[in-house]
Amino acid sequence: MLQLFYGGTFDPVHNGHLAIARAARDELRTVVWLVPAADPPHRAAPGAHAEQRAAMLELAVRGEPGLLVDRRELRRAARDPDGRSYTIDTLRELRGELGHAAPLALLVGADSFVGLPTWKEWRGLFELAHFVVAERPGIALDGELPAELAQAAAGRWRQSPAALDQAPSGCIFRLRQPLHEESATDIRRRIAAGRPWQALVPPPVAAFVARNGLYGRAAL
């Protein structure tokens, strides 16, 4: 069965994140592991720290079938506090656990996929995993990719999710799903400005944010 991982800062996790995870779970008929990024070394966390972000994720997916949290990047940071949390390292770690023949995919938003050439060793990611690219508002995937990404992606697009089960890595599947306007940046700004925000996140996450006084003006 395809192993599907959805990484990000989730700062905070919001309804749009969950909508993408649910759509991927249902379309690909697999479990989605949400992987919160570790805090960057040598500087304060941008909003909530990693343990808080992971705790919010766990609250958000509690009772959600097929959605689970994987804390591997936080554990890796605990072993090496000066290290950076790179996707290439996470995929190599997963390959070490799953073997080289298991179908493995990375779920990313279209905005992250378009920015792929800025990632560490980004071309090597295709050797380790498939990409499932979730459509995002305002991000075009049809013929408007950066030239080097378009070249790397040529011939990799697949129309059927079943194709991802037939190879361990190297394919790209476009996840079409209802588009949500939520963004973590906008939610943090709303909280700091005292504007309505609670409806944009799951209720347990809203309660956690309020209880811990997260995302005040000093956090922006």
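Before any of the text, the structure's been laid out above.
Model, not experiment: these values are computed from the prediction. (Residues numbered from 1 in each chain as written. Predicted model: local features only at pLDDT ≥ 70, side-chain atom pairs only at ≥ 80, totals over all residues. Heavy atoms only, no water.)

(A) View of unusual backbone geometry. Between Asp-11 and the following residue, Pro-12, the backbone shows a cis peptide bond with an omega angle of 5 degrees. Phi angles above zero are rare outside glycine, and Glu-121 is one such case at about 50 degrees. Among the secondary structure elements, Glu-121 is positioned in the loop between helix H5 (110-114) and helix H6 (122-128). (Helix = DSSP H or I, 4+ residues; strand = E, 2+ residues; numbered from the N terminus.)

(B) Helix H1 (residues 15-28), seen in detail. Its 14 residues give H1 an end-to-end C-alpha distance of 20 Å, which sits within 8% of 20 Å, the value for a rise of 1.5 Å per residue. Within H1, 10 of the 14 residues are buried, leaving the element largely enclosed by the surrounding structure. Those residues of H1 that fall on the buried side of the exposure criterion are Gly-16, His-17, Leu-18, Ala-19, Ile-20, Ala-21, Ala-23, Ala-24, Arg-25 and Leu-28. Note on H1: the residue one or two positions beyond its end, Arg-29, has a positive phi of about 55 degrees. (Expected span 1.5 Å × (residues − 1). Buried < 20%, exposed > 50% of the residue type's maximum accessible area, 1.4 Å probe, protein only.)

(C) Representation of the environment of Ala-154. Tracing the backbone shows Ala-154 in the loop between helix H7 (147-153) and strand E6 (157-158). Ala-154 sits in the exposed class, given a relative accessible area of 55%.

(D) Representation of the environment of Pro-178. Position of Pro-178 relative to the elements: it lies in the loop between strand E7 (172-175) and helix H8 (184-193). Judged by its relative accessible area of 64%, Pro-178 falls in the exposed class.

(E) View of the pattern of salt bridges. Inspection of every chain in the model, using the stated rule, returns 16 salt bridges. Between Arg-188 and Asp-11 there is a salt bridge whose closest N-O contact spans 4.0 Å. Within this pair, whereas Arg-188 is found in helix H8, its partner Asp-11 is found in the loop between strand E1 (3-8) and H1, the two being separated by 177 residues in sequence. Of the residues examined, Arg-188 reaches a relative accessible area of 14% and is grouped as buried. Asp-11 gets classed as buried once you look at its relative accessible area, which sits at 2%. Between Arg-72 and Glu-97 there is a salt bridge whose closest N-O contact spans 2.8 Å. You can see Arg-72 sitting in helix H3 (residues 72-79) and its partner Glu-97 sitting in helix H4 (residues 87-98), a full 25 residues away along the chain. Taking relative accessible area as the criterion, Arg-72 reaches 6% and is therefore assigned buried. A single network of salt bridges, built from pairs that share partners, joins Asp-70, Arg-72, Arg-76, Glu-93 and Glu-97. (Salt bridge = Lys/Arg side-chain N within 4 Å of Asp/Glu carboxyl O.)

(F) The packing of H3 against H4, seen in detail. The interhelical angle for the contact between H3 and H4, taken along N-to-C directions, is 105 degrees, at an axis separation of 11 Å. For the element pair H3 / H4, the angle class is roughly perpendicular. Residues Arg-72, Glu-73, Arg-76 and Arg-79 of H3 pack against Asp-89, Thr-90, Glu-93, Leu-94 and Glu-97 of H4. Partitioning the contact of H3 with H4 into residue classes produces one nonpolar, one polar and seven charged. (Axes fitted to C-alpha atoms, helices over the stretch in contact; angles between N-to-C directions. Parallel < 35°, antiparallel > 145°, perpendicular 65-115°, else oblique. Contact = heavy atoms within 4.5 Å. Nonpolar A, V, L, I, M, F, W, Y, C, P; charged D, E, K, R; others polar.)

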